[in-house]
Amino acid sequence: MLNIINNTLNKYKKVIKTINIYAEKIEKYNDAQLKKQTQKLKKNLKASNINSHDILAEAFATAKEAIRRATDITLFDVQILGAIILNNGHIAEMKTGEGKTLVAILPAYLNALHEKGVHILTVNTYLAKRDAKLAQNIFNFLDIKIGLVTPEMDYISRKIQYNCDITYNTNSELGFDYLRDNMAIDIDQTVQRNFYFAIVDEVDSILIDEARTPLIISGVTKQNNTKYKAADKLANILESFKHYEIDEKGKNIILTEEGIVKCEKSLNIVNLYNINNEWIKYIINALKAKEFFFKDREYIIRNSEVTIVDEFTGRIMEGRRWSEGLHQAIEAKENLPIQSENKTLASITYQNLFLLYEKLSGMTGTAKTEESEFNKIYQLSVIEIPTNKKCIRKDLPDLVYKSEYYKWQAIANECFDMYQMGKPTLIGTTNIDKSELLAKMLDNLQIPYNLLNAKQENATREAEIISQAGQRYSITISTNMAGRGTDIILGGNPIAMAKMMIKHYIKSMGKFHKAKINLNNIHKKLYKSEKINYLINQIDISFLKEDNNTSETKIDTYIEQIANKNYPLNKINEKNFQIYQNILKEYTILCNKEKEKVITLGGLYVIGTERHESRRIDNQLKGRSGRQGDPGKSRFFLSLQDNLFRIFGGEQITVLMNTLKIDDNTPIESIILTKSLNSAQRKVEGYFYDIRKQLFEYDEVINSQRQALYSERKKILRSIFIRDCIIEYGENCIDEMLFFYTSADSDTKYKILVRILKLLNINTKLYINELTKIEATLIKSFLYEQLRISYDLRENYLEQLRPGLIRKLEKYYLLQQIDQTWQDHLEKMNLLKEYIGWRSYGQQDPLIEYKNEAFNLFINMVTSIRQNVIYLLMRSRLIINI
Ligand code: ADP
Ligand code: MG
């Protein structure tokens, strides 16, 4: 393993050396000279005689120097190595705290020189803002524009941000903007450029964890309530085993042959599985509602509404609804008003979204375990980058308890011991309930702690708490994902401390409720000195007096301004800035002293409380400790009753549970146990991988259709003159409708001609008899001609009334028809996928069946778009309302 890592380093040693030689030279440039580098490199890039290796080396060196000037940080060689890997379009696996944020700056700069836009994507807006701010300070030295997209922005600002050289964004905003752009009616309202190069931070979280569910833009539709009611009635008549089978494990219903016949008869339809009538969906949902969903168990009824009860926590899930018509089916069963269904207007999976990039790269602390998935789906390799300093964290063997109760007891006791020692401890939990359970136990032991869980969705506060989790006496309970992207500094983070204490002071001086701050008494003692007290009291808070109703955000903003020296120039601000600087200096000294103490205590201790569904998430938690060569340790406390054991452990575990005769509060260490635990975890990983793979394979089909449709749509959106396109559509319609003409009997021939003439809005009586007598090829040219004449007439008519209107109408009808038909198509594709699951195909691969039928549906869709547009345009009139 180590050899492979070192080989990577060796392979790029020469390049790194060249970069550093350039950097030494550039270090001597003055600011103006440094700024000129961007223009120079852009020119070099265009010149054919300069080799791209030299440009890479010089560009990286330039960025390295800009980083040094802006932050006083000199990049380590391993960081430069990471940057090279990113630039090559791979995933760089670099541990937490290795400084990935700065690593991304180098490839971002080099690729920005191509002027096609670079995207840096993170998991939440807090991180995007934080990193964009840092990048802004750095790139000010290089004349590179930094953009940032945040949720509250309108499309005008978004467009500006996407047009910057480098844009920071979250994965979800990126995806929604993409979908919205492809629904825009006016080209001015689209915000994104083509996808060129992306660096995805915390890449496993985005491309793997979040890739399980697609992004969906939905709208409310009108619906058919009677169908829900009728299906409910039918479900009550159908008998289990006779008409349908129940699959408990998969929570599924399968109709028997007899059941299918019964349904078709009762509903008076020919084929229950016809894609154009949706009955089957209603029937299956009604049966699910009958067999699997019970009042006061899966749901309760409150204010005449069906409200979901969470199956793991027993909590009421406010405002959530089961999807795909299931919720409505339950409403029908309970005789309650049926609420409207959401219709998918546009959707895409992250897999396909990110595959749109010409070049994709990513970084994270944990990717190696998922290497094959990255490889197969995204064609991304995972390259491990050595740490700057050797990692000396000790990962201790698991302790397994017989029951959950004793496990938590042991964890609480461990926290108690650690607290007595003052050793900072971080406890990772898998859900809210467990974290609150532990919190209660710690309350009983009278140990102060910080609790982070999914309840407060406040990334800022999360980051604040996590950044202080390395202080002495800190006990932090956190769900695994909380505070991702923030690293834990032993002894505390001086900048965060300074800001926090100033905020605390300002709040205690203002008209607030009692100040709330996440520091316990010991911390207050540790992190306050006479000098700091004195300094803080010097802060001028006259800005508070301007209004009586100062909000917390206002204080935060003020402190940020002061800390970053970007405030309106005046004496007070100037003075507060000086005080801030002095407080920061004090805290830096204090935190460094504290760090020494924490190190003698052995650094941060990470406790895992359950094996997660993937090893990667466990590694993520362990990786919180032992950053940059710090000491640290980790340990997992498990029990035989943990979900992973229960659901995926199988027989072996149960047998073990019964045969191991030891007392309850002694942990078990057994090789068989560890083995079956690891295999259970692999099983779960495999299970979720399959789900994602399946989603991906099915979505690939829609994806190629989506690409075809979106690119046609974009062409239309961008063009100003689409008469030719309309005429072509008309000709296509004629061709398609004439396709069977020669082989048809005379009766059908007649019908075909009538249909075409009607479509083109041509007087049928006038031509029909003539036409039936002539040859097929002549008919075609005649109709082509009529199409043009008919269209010219329509155009002239409209042109006289309102010049220019026809061009607008063409575009409008086209886009409108594309969107509407696509949405209907999406719905049909959804149904199709469900049907494929319900039908059995013997030896046949359902995916192939799906692909075939999907293809037919797509052809039908394209045909109906064309026909509808022609039909509408040939009949457009101007009605002027007075
Ligand atoms: P990661 O994303 O890899 O977990 P961050 O980018 O958040 O790490 O960086 C962690 C900390 O390390 C930051 O405070 C950053 O300023 C600091 N840092 C990054 N590179 C260096 C360096 N070369 N020397 C010293 N400190 C660095
Ligand atoms: Mg990071």
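Residues numbered from 1 in each chain as written. Chains lettered and ligands numbered in written order. Predicted model: local features only at pLDDT ≥ 70, side-chain atom pairs only at ≥ 80, totals over all residues. Heavy atoms only, no water.

**Student:** Hey, could you run me through the overall build of the chain in this one?
**Tutor:** Across its full length, the chain carries 35 helices and 21 strands. Seen through its C-alpha atoms, the chain measures out along the principal axes to roughly 105 × 75 × 65 Å. Taking all 882 residues of the chain together, the buried fraction comes to 51%. Considering only intrachain contacts with a sequence separation of at least 6, the fraction spanning at least 24 residues in the chain is 75%. On the chain, the mean spot of the 123 positive side-chain charges and the mean spot of the 110 negative ones are 4 Å from each other. (Helix = DSSP H or I, 4+ residues; strand = E, 2+ residues; numbered from the N terminus. Buried < 20%, exposed > 50% of the residue type's maximum accessible area, 1.4 Å probe, protein only. Contact = heavy atoms within 4.5 Å. Lys, Arg positive; Asp, Glu negative; His and termini not counted. Charge placed at Lys NZ, Arg CZ, Asp CG, Glu CD.)

**Student:** Where do I start with the nonpolar core in this structure?
**Tutor:** Counting 89 residues, the largest nonpolar core has Leu 207, Phe 354, Leu 360, Phe 374, Tyr 378 and Tyr 850 as its most contacted members. Per-element tally for this core: the top contributor is helix α34 (residues 805-838), with 12 residues. When residues are assigned to domains, this core turns out to be shared by domain 1 (1-217 + 350-384) and domain 5 (719-875), each giving three or more. For Phe 354, the residues in contact, after removing those within four places along its chain, are Leu 121, Asn 171, Leu 174, Val 200, Ile 206, Leu 207, Leu 360 and Tyr 378. (Core = buried A, V, L, I, M, F, W, Y, C linked by side-chain atoms within 4.5 Å. Domains from an automatic or database assignment.)

**Student:** Explanation requested: the site of ligand 1 in the structure shown.
**Tutor:** Around ligand 1, the surrounding shell holds 15 residues, and the nearest of these are Thr 74, Gln 79, Gly 97, Lys 100 and Thr 101. Thr 74 is positioned with one of its backbone polar atoms (N or O) 3.0 Å from a nitrogen atom of ligand 1. In the model, a nitrogen atom of ligand 1 is placed 2.9 Å from a nitrogen or oxygen of the Gln 79 side chain. Starting from 570 Å² of accessible surface for ligand 1 in isolation, the protein chains cover 75%. Of all the elements, helix α6 (residues 100-112) adds the most residues to the shell around ligand 1, at three residues. Partitioned by chemical class, the residues of the shell around ligand 1 number four nonpolar, six polar and five charged. (Near = heavy atom within 4 Å. Polar contact = N/O pair within 3.5 Å; in protein donor to acceptor, adjacent residues only side chain to side chain. Areas by Shrake-Rupley, 256 points an atom, 1.4 Å probe, with all protein chains shown as cover. Nonpolar A, V, L, I, M, F, W, Y, C, P; charged D, E, K, R; others polar.)

**Student:** Before we go on, may I ask you to explain the confidence of the model for the chain in this structure?
**Tutor:** A low pLDDT means the predicted coordinates there should not be read in detail. Of all residues in the chain, 90% attain a pLDDT of 70 or more, and the chain-wide mean is 86. Below a pLDDT of 50 lies the segment residues 512-517, which in the model reaches nine contacts outside its immediate sequence neighbourhood of four places, other chains included. (pLDDT = per-residue confidence, 0-100.)

**Student:** Whenever I open this one, the domain arrangement of the chain confuses me. Can you help?
**Tutor:** One frequently used descriptor of interface size is the decrease in accessible area upon assembly of the parts. Assigned domains within the chain: domain 1 (1-217 + 350-384), domain 2 (223-340), domain 3 (394-486 + 607-622 + 629-677), domain 4 (494-599) and domain 5 (719-875). For domain 1 versus domain 5, the distance between C-alpha centres works out to 45 Å.

**Student:** Got a minute to help me understand the state of the cysteines in this structure?
**Tutor:** Here, the word disulfide means a covalent bond between the sulfur atoms of two cysteines. In the structure shown here, the tally under the stated rule is zero disulfides. Counting only cysteine sulfurs, Cys 733 is the nearest neighbor of Cys 725, a cysteine outside any disulfide, at a range of 11 Å. (Disulfide = S-S within 2.5 Å.)

**Student:** Please explain helix α17 (residues 404-421) as it appears in this structure.
**Tutor:** What sets the pattern is the α-helix's 3.6 residues per turn: residues three or four places apart point alike. When the terminal C-alpha atoms of α17 are compared, their 26 Å separation across 18 residues agrees well with the 26 Å that a helix rising 1.5 Å per residue should span. Residues Lys 407, Trp 408, Ala 410, Ile 411, Ala 412, Glu 414, Cys 415, Met 418 and Tyr 419 constitute the buried set of α17. A positive phi of about 90° marks Gly 422, the residue just after α17. (Expected span 1.5 Å × (residues − 1).)

**Student:** Before we go on, may I ask you to explain the sheet that holds strand β1 (residues 91-93) in this structure?
**Tutor:** Through backbone hydrogen bonds, the strands of a sheet pair up, either in parallel or in antiparallel fashion. The seven strands lie next to each other as β3-β4-β2-β5-β13-β1-β14, forming an open sheet whose pairing is parallel. Edge positions in the sheet fall to β3 (146-148) and β14 (382-384), since each has one partner strand and no second. Averaged over neighbouring strand pairs, the angle between their axes works out to 20° when direction is ignored. Taken together, the three bridges between β1 and β14 define a ladder with parallel strand orientation. In the strand pairing of β14, Ala 92 is matched with Ile 383. (Pairing = 2+ DSSP bridges. Axes fitted to C-alpha atoms, helices over the stretch in contact; angles between N-to-C directions.)

**Student:** Looking at this structure, how should I read the pattern of salt bridges?
**Tutor:** Close approach of charged atoms allows side chains of opposite charge to pair. For the structure on display, the rule yields 40 salt bridges. Across the salt bridge formed by Asp 177 and Arg 158, the nearest N and O atoms sit 2.9 Å from each other. Taken together, the positions of Asp 177 in helix α9 (residues 171-181) and Arg 158 in helix α8 (residues 155-162) put the pair 19 residues apart, joining distant regions of the chain. What makes Asp 177 buried here is its relative accessible area of 2%. For Arg 158, a relative accessible area of 6% translates into the label buried. Here Arg 723 ties to Asp 792 by a salt bridge, and the two come within 2.9 Å at their closest N and O atoms. (Salt bridge = Lys/Arg side-chain N within 4 Å of Asp/Glu carboxyl O.)

**Student:** Just checking my understanding: could you explain the packing of helix α30 (residues 723-738) against helix α33 (residues 776-801) for this structure?
**Tutor:** The geometry of a pair of packed helices is captured by two quantities: the angle between their axes and the separation between those axes. Their axes nearest at 10 Å, the elements α30 and α33 cross at an angle of 145°. Between α30 and α33 the crossing geometry is right-handed. Residues Arg 723, Ile 726, Ile 727, Gly 730, Glu 731, Ile 734, Asp 735 and Leu 738 of α30 pack against Ile 779, Lys 780, Leu 783, Tyr 784, Leu 787, Arg 788, Tyr 791, Asp 792 and Glu 795 of α33. Residue classes in the contact of α30 with α33 are distributed as nine nonpolar, one polar and seven charged. (Left-handed = near helix turned anticlockwise from the far one by under 90°.)

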